[in-house]
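# Residue-level structure breakdown
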Amino acid sequence: MMSASCSLTEIQRRIDEVRRFLSVTISIANAHTVEFYTHDVWKRFMAVSPEEVLSTVSSCSDQQRAPQHKEREPSETTFGFCRDTNRLVDAQELLRAAWAHSLPGLGVCMSRDELLQALRENRGHTGAELEPDEFMNSKKSHEVQSMSEVVARLADCCGVKQVIDVGSGKGYLSSFLSLQYGLRVYGIDSSSTNTLGAQERNRKLKKFSRVYQKQSRAVRARGESACSPREESVEIKPRINGGDDVLYSGRAGVSQEEEEKVLMGLSDVDLAAEEDPEPETDQLFLSALSVDAIQTTSPRVPPGQLTAEERERRKRENLERKAQNRTEGAGAVFSPLTSYVTAETELRELIDELEDAIVVGLHTCGDLAPSTLRMFVAKAELAAVCSVGCCYHLLSEEFDPAGQECVPRGVCGFPLSQYLRDQAWFCGRNARMSACLALERVALGQGIQMESLFYRAVLHVILRDHYSAFKSEKRVGNVYSKAKSFVDYVRRALRRLELDESQLSDGDIQEYHDTYRLRMDEMHAFNMLKVALAPCIEGLILLDRLCYLKEQEDLSFSALVQLFDPLLSPRCYAVVGLKSNEDGT
């Protein structure tokens, strides 16, 4: 069997390195962009000009290599910050240190090819030869192909035929694993929405799937296809709108509007939202599946909040679905189950036919990713895990000094390892939101629209000066996209906040714009530093998860693996673990 890529001691040492770096720099990531001018954030943190920072960022974007630190007196700075004033005096030193404390700079990750090579001795798969790019957008196709091969190899290595897909969503990964590799997949998901729109979409997809299955049977009856439904090669030519507009869509990535919200530190941003439905994509994908693979799901509600009637209804539906799957045998592509799962969930109560299995999760949001790892450790029937998390801003933190992120029964998503828990480490919500940003994309010029951030920050100054309203229960929302000018933006925002806009003339509003426009480069430079720190914060979160696995005694292998191209899928790292066999291998 494989040896672990890094020892527990090595991972703990890397955690200490990143923690030391962030203890000096994380205050930048935790600063609110909305409060940039009202709190004079630039002056508070910076002793260099914004032009110097932007120039350094531009020059360093071409030099993503091992840092070459300049010689300097040890007492002068720490990671570019003056030790006396705690303000940044050397942007180049900060950016080099940021790269050195990211996962690529630390050198703790395996590549996908390295993992597959280590598992190659047990290679083998069965099933239809599908091309997922024929029924998914390019991003989802890349993710499903890359991850499914790894999962199939893990299954071969462990000698199992069952997979539990936690947070399976629309079932892309589950269905591909079953069709391509002949694995029995149980997709467990609790929907985050119960809108009529979602139910209507599933109804239409179900109807479309029936039509396709009927057409397929007619084709086979004419002798034009001799393949069984499970072996049939699907050749569908999609009508999907162009490449660039869907390249970065999806819950694992972050849209431009969402990136702006992340930088603002707004609490109403939902990066966990499921990707925008594309009817053509959904139809093309689901046409390859059994009708029974499409189910209307219930809203995501913790078990403790469900009524007795609702618990009984869900149990009855799951039992009926399992009975139907047994009756239809191979006709069901995978078994979707509706349940809210934690490490305490008894899987055999959900899945009667459960044998030894692998648990996987593709872009499981917030606390669901660490819960998947806890489940893997706690359940003897789970032989391996492959977990790709996302939406770090939705993680709950155990050591929140304000006590705002406490969760029932004290089970938090971060930190997960005992090592980091012993140090009572706390990131902060804004820092975790910053970790969702995509450095690689920004480095290629896919930057943030600074004007909308600028508008919102200047609006905050107006609210302070004229309305004594630093905070409001109401949200400004996406006013920028509808505004024709800054004056129009402010008036729309004031109406949204139900404030008296007659207090300000157009001239008064424009004067604020003109005054702060001279300082817009400060905001641009500061947010670029936030983006540079994002991989370090993400790295600490993922190292904590890897450390948790390495703290377990019955694992034969655990590693961080880069599964995806970060330009296509910014949340590209998987936590992989395998338990020891009875013979100790």
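Here the structure is a predicted model, which is why all the values come from computation and not from measurement. (Residues numbered from 1 in each chain as written. Predicted model: local features only at pLDDT ≥ 70, side-chain atom pairs only at ≥ 80, totals over all residues. Heavy atoms only, no water.)

### Considering the environment of arginine 348
With respect to the helices and strands, arginine 348 occurs in helix α14 (residues 347-350). Take arginine 348: its relative accessible area is 43%, and that puts it in the partly exposed class. Sequence separation of arginine 348 and glutamate 381 is 33 residues, and the distance between their C-alpha atoms is 9.4 Å. The residues touching arginine 348, leaving out its near neighbours within four places in the chain, are Leu354, Glu355 and Glu381. Polar contacts involving the side chain of arginine 348 include one to the main-chain carbonyl oxygen of leucine 354, which spans 2.7 Å. (Helix = DSSP H or I, 4+ residues; strand = E, 2+ residues; numbered from the N terminus. Buried < 20%, exposed > 50% of the residue type's maximum accessible area, 1.4 Å probe, protein only. Contact = heavy atoms within 4.5 Å. Polar contact = N/O pair within 3.5 Å; in protein donor to acceptor, adjacent residues only side chain to side chain.)

### Observations regarding the pairing of strand β9 (residues 555-562)
By the criterion of burial, β9 is predominantly enclosed, with seven of the eight residues buried. Sheet topology places strand β3 (residues 109-111) next to β9; three bridges connect them, and they run parallel. Bridging from a neighbouring strand, methionine 110 pairs with valine 561 of β9. (Pairing = 2+ DSSP bridges.)

### Concerning the packing of aromatic side chains
Counting across every chain of the model gives twelve aromatic pairs. Between tyrosine 455 and phenylalanine 486, the aromatic rings sit 5.0 Å apart at their centres with planes inclined by 70°, giving edge-to-face as the arrangement. Of the two residues, tyrosine 455 is situated in helix α19 (residues 450-467) and phenylalanine 486 in helix α20 (residues 486-496); the sequence distance between them amounts to 31 residues. Of the two residues, tyrosine 455 and phenylalanine 486, both sit in the buried class. Pairwise contacts between aromatic rings join Phe36, Tyr37, Phe45, Phe454, Tyr455, Tyr480, Phe486, Tyr489, Tyr516 and Phe526 into one cluster. Positioned above the aromatic ring of phenylalanine 454 is the side chain of arginine 517, whose terminal nitrogen or guanidinium carbon lies 5.9 Å from the ring centre. (Phe/Tyr/Trp six-rings, centres within 6.5 Å; stacked < 30°, edge-to-face > 60°. Lys NZ or Arg CZ within 6 Å of the ring centre and 35° of its normal.)

### Some details on the pairing of strand β8 (residues 382-390)
Among the nine residues of β8, nine are classified as buried, and the element is accordingly described as predominantly covered. Considered for its hand, the β-α-β crossover made up of strand β7 (residues 357-365), helix α15 (residues 368-378) and β8 is right-handed. (Right-handed = clockwise from strand over helix to strand, strands pointing away.)

### Examining the sheet that holds β3
One open sheet holds the eight strands; their spatial order is β3-β9-β10-β8-β7-β4-β5-β6, and the pairing between them is mixed. Strands at the two margins of the open sheet, each flanked by one partner only, are β3 and β6 (335-338). Geometrically, the sheet is characterised by an average inter-axis angle of 25° between neighbouring strands, direction not taken into account. Pairing between strand β5 (residues 184-189) and β6: four bridges, direction parallel. Within β6, the position partnered with aspartate 189 by the bridge is threonine 338. Sheet strands in contact with helix α8 (residues 172-181) are β4 (162-166), β5 and β7, and its direction is about 175° off that of β5. (Axes fitted to C-alpha atoms, helices over the stretch in contact; angles between N-to-C directions.)

### A word on the packing of α15 against helix α22 (residues 520-550)
At a closest axis distance of 11 Å, the pairing of α15 and α22 adopts a crossing angle of 5°. As judged from the angle between their axes, α15 and α22 are roughly parallel. Residue-level contacts link Ala369, Pro370, Leu373, Arg374, Phe376 and Val377 of α15 to Arg545, Tyr548 and Leu549 of α22. When grouped by side-chain class, the residues that make up the contact of α15 with α22 number seven nonpolar, no polar and two charged. (Parallel < 35°, antiparallel > 145°, perpendicular 65-115°, else oblique. Nonpolar A, V, L, I, M, F, W, Y, C, P; charged D, E, K, R; others polar.)

### What about the pattern of salt bridges?
Two side chains with opposite charge may pair up if their charged atoms get near one another. Taken as a whole and judged by the stated rule, the model has 19 salt bridges. Between arginine 571 and glutamate 538 there is a salt bridge, with the nearest N and O atoms lying 2.9 Å from each other. With a gap of 33 residues between them, arginine 571 in the loop between β9 and β10 (573-579) and glutamate 538 in helix α22 connect regions that are remote in the sequence. For arginine 571, a relative accessible area of 4% gives the class buried. Through salt bridges with shared partners, a single ionic network connects Arg112, Asp113, Glu149 and Arg153. (Salt bridge = Lys/Arg side-chain N within 4 Å of Asp/Glu carboxyl O.)

### Considerations on the packing of α19 against α20
Taken N-terminus to C-terminus, the directions of α19 and α20 make an angle of 60°; their axes are 11 Å apart at the nearest point. What the angle tells us is that α19 and α20 run oblique. Classified by chirality, the crossing of α20 by α19 is right-handed. Residues Tyr455, Arg456, Val458, Leu459, Ile462, Leu463 and Tyr467 of α19 form the contact with α20, whose own contacting residues are Phe486, Tyr489, Val490, Ala493 and Leu494. Residue classes in the contact of α19 with α20 are distributed as eleven nonpolar, no polar and one charged. (Left-handed = near helix turned anticlockwise from the far one by under 90°.)

### Points about the nonpolar core
Counting 151 residues, the largest nonpolar core has Met147 and Cys386 as the members making the most contacts within it. Top contributing element to this core by residue count: α22, with 20 residues. Those residues in contact with cysteine 386 that sit more than four places away from it in its chain are Met147, Val150, Val151, Leu154, Val359, Val360, Gly361, Leu563, Ala574, Val575 and Val576. (Core = buried A, V, L, I, M, F, W, Y, C linked by side-chain atoms within 4.5 Å.)

### Considerations on the confidence of the model for the chain
Residues of the chain with pLDDT of at least 70 account for 67%, and the chain-wide mean is 77. Contacts from residues 224-254, a stretch scored under 50 in pLDDT, to residues over four places away or in other chains number 81 contacts. (pLDDT = per-residue confidence, 0-100.)

### Examining the environment of cysteine 390
Summarising the element assignment, cysteine 390 is placed in strand β8. Distance in space between the C-alpha atoms of cysteine 390 and tyrosine 573 is 9.6 Å, their sequence separation being 183 residues.

### As for unusual backbone geometry
In this model, phenylalanine 414 is joined to proline 415 through a cis peptide bond whose omega is -10°. Here proline 415 lies in the loop between β8 and α16 (418-422). If you check the backbone angles, alanine 424 has positive phi at about 50° while not being a glycine. Topologically, alanine 424 is positioned in the loop between α16 and α17 (429-434).

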